[in-house]
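Descriptive analysis of the structure
So the chains spell out like this:
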Number of protein chains: 2
Amino acid sequence: MISDTDLESAVLAHQTDDHRIDAAHDLGHLRRVWANCRRIALDEPGADLEVLRVAAFLHDLVNLPKDAPNRAEASRLSAEAAVIWLRQAGFPEAKLPAVAHAIAAHSFSAAIPPETLEARILQDADRLEALGAIGLARLFVVAGQIGTALFDDHDPMALHRPLDDRRFALDHLEVKLFPVAQAMQTHAGRQMAEERAEWMGSFRSRLLREIG
Amino acid sequence: MISDTDLESAVLAHQTDDHRIDAAHDLGHLRRVWANCRRIALDEPGADLEVLRVAAFLHDLVNLPKDAPNRAEASRLSAEAAVIWLRQAGFPEAKLPAVAHAIAAHSFSAAIPPETLEARILQDADRLEALGAIGLARLFVVAGQIGTALFDDHDPMALHRPLDDRRFALDHLEVKLFPVAQAMQTHAGRQMAEERAEWMGSFRSRLLREIG
């Protein structure tokens, strides 16, 4: 039996100088994605929790920077690395394809449709981490890491310019986060995403009031 | 007459490799501090708006990193640099001491008691930028810049450990932001700070709910 601690050790062992755990992709993120998987799975009879657990902990095994040219490959590379590690750790061979598909399909940029219940649950569980208070905290941490401005001081709502979330963190709500909340795969995931997206809208209204 | 644009140009001209404008201390921050000064001054008859305006735009002229050893000196150095620049720009000599005191006293770490109305207003105006939705966004951006974790995954509320905001961004609420909101200098500043601090508390409650 592979424990959560074994999985976390595998993640830490995969860190290199080019691929380090950061505040938005630390072990806490992995634990919360796994917790989200469990919450969603309560509502989805038949989900294989063992597949979900290892997929949740290993889904970011290869975590490329947001601006890396091969960023869209990260989830496929994570799936391959996870299969190699799980095989040597004695994980049931028959379940490896399900783990690999769930990991490969979790990522937005990979654009791989999730074809299994576990893949749908993992995708929703990971996307919930981009929404709500936790999503906002992670959004601004990443902005600090890569040097994006908080918002366009002259036009924060992008009323008179194209949206540009590479320059302005707040634009990421319209460019990606609100659409993601509308494209959830499971019933429970959709409910949680809607509530979190609504809160993010209220955060934005408040921010706009404060900055006048 | 020194325009806002002149003041912003002076700020940009003071950037060096060791002292660059970042997302938490950009021109937008300066404009918002000046806007906060005007809001507070409406409630404080007798404030010298010309002193306030140049002090607001030049208060971070020397902006040392959070972890610089001489960080506590930054506001004094900003005051000196501001006086030099304002003198050559033809700002009234008689008002320079008031500008210098307001800038030197604005900073938390300098621990200089504000002795004039303008110094009290500027201190409150700058501290409001650390509170509310804008304060939260700036908190997490700085966390991303300096590599602080979002929160302690095992004990986010620090129930069983000492608070440590050098390791955990969320700890900064208890260590500094809630106390700052209790130590405002003006009536209007105190009211705005209390409302923003209360909202930050509700953000924290929500975050704790989401992360389970």
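Residues numbered from 1 in each chain as written. Chains lettered and ligands numbered in written order. Predicted model: local features only at pLDDT ≥ 70, side-chain atom pairs only at ≥ 80, totals over all residues. Heavy atoms only, no water.

**Observations concerning the overall build of chain A**
Our working definition: Helix and strand assignments come from DSSP, with helices taken as H or I runs of at least 4 residues and strands as E runs of at least 2, each series counted from the N terminus. Radius of gyration here is computed from C-alpha atoms only, and the compact-globule reference equals 2.2 Å multiplied by the residue count raised to the power 0.38. Exposure classes here rest on a 1.4 Å probe applied to the protein chains alone. A residue is buried below 20% of its type maximum, exposed above 50%, and partly exposed in between. Should any heavy atoms of two residues lie within 4.5 Å, those residues are considered in contact. Under the convention used here, a 1.4 Å probe and the Shrake-Rupley method define accessible areas, while residue burial counts only the protein chains that appear. A residue counts as positive if it is Lys or Arg and as negative if it is Asp or Glu; His and the chain ends are not included. To locate a charge, the coordinates of NZ of Lys, CZ of Arg, CG of Asp or CD of Glu are taken.
Each helix and strand in chain A was counted, giving nine helices and zero strands. Written out in order from the N terminus, the α and β elements of chain A read α-α-α-α-α-α-α-α-α. Its C-alpha atoms give chain A a radius of gyration of 18 Å, within 12% of the compact-globule value 17 Å for 212 residues. Summarising its shape, the C-alpha atoms of chain A cover approximately 60 × 40 × 25 Å along the three principal directions. Relative to its 212 residues, chain A shows a buried fraction of 58%. In chain A, of all internal contacts separated by at least 6 residues, the share reaching a separation of at least 24 is 62%. With the model as given, the accessible surface of chain A reaches about 9300 Å², and the carbon-plus-sulfur share is 53%. Considering chain A, the positive charge centre built from 23 side chains and the negative charge centre built from 32 side chains are found 2 Å apart.

**Some details on the pattern of salt bridges**
All names here are of chain A. We count it as follows: By convention in these notes, a salt bridge is any Lys or Arg side-chain nitrogen within 4 Å of a carboxyl oxygen on Asp or Glu.
In total, this model carries 28 salt bridges over all chains according to the counting rule given. For Glu 129, the salt bridge goes to Arg 32, with nearest N and O atoms at 2.8 Å. Here Glu 129 is found in the loop between helix 6 (117-128) and helix 7 (132-146), whereas its partner Arg 32 is found in helix 2 (residues 27-41), with 97 residues between them in sequence. The residues Glu 129 and Arg 32 share a single accessibility class, namely buried. The residue Arg 138 makes a salt bridge to Glu 129 at a minimum N-O spacing of 3.7 Å.

**Topic: the nonpolar core**
Definition in use: Here, the term nonpolar core denotes a set of buried Ala, Val, Leu, Ile, Met, Phe, Trp, Tyr and Cys residues that are joined through side-chain atoms within 4.5 Å.
Membership of the largest hydrophobic core comes to 143 residues, with the highest contact counts inside it found for Leu 58 of chain A together with Leu 58 of chain B. Not counting chain neighbours up to four residues away, the residues in contact with Leu 58 of chain B comprise Leu 7, Ala 10, Val 11, Ser 78, Ala 82, Trp 85, Leu 86 and Ile 103 of chain B.

**A short note on the relation of the copies chain B and chain A**
Basically, it comes down to this: The fit set for superposing copies consists of C-alpha atoms from residues with pLDDT of at least 70 in both; the fit itself is least squares.
Of the transformation placing chain B onto chain A, the axial shift is 0.0 Å and the rotation is 180 degrees, giving an RMSD of 0.0 Å. Taken together, the rotation and translation describe the operation of a two-fold axis. Looking at the interface residues of chain B, 100% of them are also at the interface in chain A, so both copies use one shared face.

**Comments concerning the packing of helix 2 of chain A against helix 6 of chain A**
All names here are of chain A. Going by this rule: Axis lines are fitted to C-alpha atoms, over the contacting stretch for helices. Their N-to-C directions set the angle, which ranges from 0 to 180 degrees. Every angle not falling under 35 degrees, over 145, or within 65 to 115 is termed oblique; those three ranges are roughly parallel, roughly antiparallel and roughly perpendicular. In this scheme the crossing of two helices becomes right-handed for a clockwise turn of the near helix relative to the far one and left-handed for an anticlockwise turn of less than a right angle. Throughout this entry, Asp, Glu, Lys and Arg are counted as charged residues, while Ala, Val, Leu, Ile, Met, Phe, Trp, Tyr, Cys and Pro are counted as nonpolar. The remaining residues, Gly among them, count as polar.
Contact pair helix 2 / helix 6: the axes reach a minimum separation of 8 Å and the direction vectors enclose 125 degrees. Between helix 2 and helix 6, the angle falls in the class oblique. In this structure, the crossing between helix 2 and helix 6 has a hand that is right-handed. Contacts between helix 2 and helix 6 involve His 29, Val 33, Asn 36, Cys 37, Ile 40 and Ala 41 from the first element and Ile 121, Leu 122, Asp 124, Ala 125, Asp 126 and Leu 128 from the second. Across the contact of helix 2 with helix 6, the residue classes break down as eight nonpolar, two polar and two charged.

**Describing the confidence of the model for chain A**
Low-pLDDT portions of the prediction should not be read for the details of their coordinates. Residue and element names in this part refer to chain A. Our working definition: Confidence of the predictor at the level of single residues is captured by pLDDT, which takes values from 0 to 100.
Looking at chain A, pLDDT values average 93 and 96% of them are 70 or higher. Mean pLDDT per element in chain A: helix 1 (residues 4-13) is the minimum at 92, and helix 9 (residues 187-210) is the maximum at 98. Interface confidence for the predicted complex, given as ipTM, is 0.91, next to a pTM of 0.91.

**Focus on helix 4 (residues 74-88) of chain B**
Residue and element names in this part refer to chain B. How we decide: Expected helix span is taken as 1.5 Å per residue step, with the number of steps being one fewer than the number of residues.
For helix 4, with 15 residues, the first-to-last C-alpha span of 21 Å sits near the 21 Å given by 1.5 Å per residue. Within helix 4, burial applies to Ala 74, Ser 75, Ser 78, Ala 79, Ala 81, Ala 82, Val 83, Trp 85 and Leu 86. Where helix 4 terminates, the next one or two residues include Gly 90, which has phi positive at roughly 85 degrees.

**Quick word on the domain arrangement of chain A**
Residues and elements named next belong to chain A. To be explicit about the condition: Each domain's extent was defined by an automatic or database domain assignment. Using a 1.4 Å probe, buried area is obtained as the accessible area two parts lose upon being combined, added over both of them.
Taken domain by domain, chain A comprises domain 1 (1-119) and domain 2 (130-212). Placing a centre on the C-alpha atoms of domain 1 and another on those of domain 2 gives a separation of 25 Å. Buried area between domain 1 and domain 2, summed over both chains or domains, comes out near 1200 Å², and the portion from carbon and sulfur atoms is 64%. The interface formed by domain 1 and domain 2 holds zero salt bridges in total.

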